[in-house]
Amino acid sequence: GKISDGEYLRRTKSRIKLTITLNKFIVLFNSRFHEILSTTNLIRNLSENYKLLLISNTNKLNYESVIKKSKAFKYFEDVITSFQFGYMKPKIAIYLELIRVTNCEPSEILFIDDKKINVLGARKLDIIAIQYTSYRNLIYDLKKNKVKI
């Protein structure tokens, strides 16, 4: 949220020394993301029993062109994005915002992330946190935490 999308893309393009047009870069940049049906189905199932929130380290361009258009997006009751909030995971401020938005005690929140550093950040505030390593392991960890799937 501290620099514009255009500036972010220009810096990224320059850093990796690409010589393609900015518009082509945007298409390629957003094509990195693919929806996984099993994950979307799991999110849908979880939303039937739980309030789901999405916390994403993302920029406005990805949020508008990828995240909001995903089939899973409609199952999230609220969204906290780094570009809107001004902080990225694993900064403590973003987890404090999660606690504020949910109006829950940290021990009532289950946080899932694929990056260990983000999981450890959540745990610093006593949020229950699972590191996603595979779909199979996630299902195991959810059951271990008595989550209705």
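Keep in mind that this is a model prediction, so the values were computed, not measured.

Asks: Can you tell me about the packing of helix 3 (residues 37–47) against helix 8 (residues 135–144), naming the residues and giving the values?
Replies: Following both chains from N to C, one finds helix 3 and helix 8 inclined at 15°, their axes separated by 11 Å at the closest point. Between helix 3 and helix 8, the angle falls in the class roughly parallel. The handedness of the crossing between helix 3 and helix 8 comes out as left-handed. Contact with helix 3, carried on its side by Ser38, Thr39, Leu42 and Leu46, involves Tyr135, Leu138, Ile139 and Leu142 of helix 8 and no other residues of that element. Taken together, the residues of the contact of helix 3 with helix 8 break down into six nonpolar, two polar and no charged.

Asks: How would you sum up the pairing of strand 1 (residues 53–56)? Please name residues and give values.
Replies: Neither face of strand 1 is exposed, since Leu53 and Ile55 on one face and Leu54 and Ser56 on the opposite face are all buried. Here strand 1 pairs with strand 2 (residues 78–81) via four bridges, running parallel. By the bridge assignment for strand 2, Leu54 is matched with Val79. Between strand 1 and its parallel partner strand 2, the chain crosses via helix 4 (residues 60–67), and the hand of that crossover is right-handed.

Asks: Describe in detail the packing of aromatic side chains, supporting the description with residues and values.
Replies: Within the structure shown, the criterion is met by four aromatic pairs. Considering the side-chain rings of Tyr63 and Phe73, the 6.0 Å spacing of their centres and the 75° angle between planes classify their relative orientation as edge-to-face. Note that Tyr63 is positioned in helix 4 and Phe73 in the loop between helix 4 and strand 2, a separation of ten residues in sequence. Accessibility assignment for this pair places Tyr63 and Phe73 in one class, buried. Consider the rings of Tyr95 and Phe111, whose centres lie 5.5 Å apart with planes at 85°: the pair is edge-to-face.

Asks: Account for the side chain of Thr81, naming residues and giving values.
Replies: Summarising the element assignment, Thr81 is placed in strand 2. A polar side-chain atom of Thr81 sits 2.6 Å from a polar atom in the side chain of Gln84. Those residues within four positions of Thr81 in sequence are excluded, and the remaining contacts are Ser56, Thr58 and Tyr63.

Scoring rules and cut-offs
- Residues numbered from 1 in each chain as written.
- Predicted model: local features only at pLDDT ≥ 70, side-chain atom pairs only at ≥ 80, totals over all residues.
- Heavy atoms only, no water.
- Axes fitted to C-alpha atoms, helices over the stretch in contact; angles between N-to-C directions.
- Helix = DSSP H or I, 4+ residues; strand = E, 2+ residues; numbered from the N terminus.
- Parallel < 35°, antiparallel > 145°, perpendicular 65-115°, else oblique.
- Left-handed = near helix turned anticlockwise from the far one by under 90°.
- Contact = heavy atoms within 4.5 Å.
- Nonpolar A, V, L, I, M, F, W, Y, C, P; charged D, E, K, R; others polar.
- Buried < 20%, exposed > 50% of the residue type's maximum accessible area, 1.4 Å probe, protein only.
- Pairing = 2+ DSSP bridges.
- Right-handed = clockwise from strand over helix to strand, strands pointing away.
- Phe/Tyr/Trp six-rings, centres within 6.5 Å; stacked < 30°, edge-to-face > 60°.
- Polar contact = N/O pair within 3.5 Å; in protein donor to acceptor, adjacent residues only side chain to side chain.

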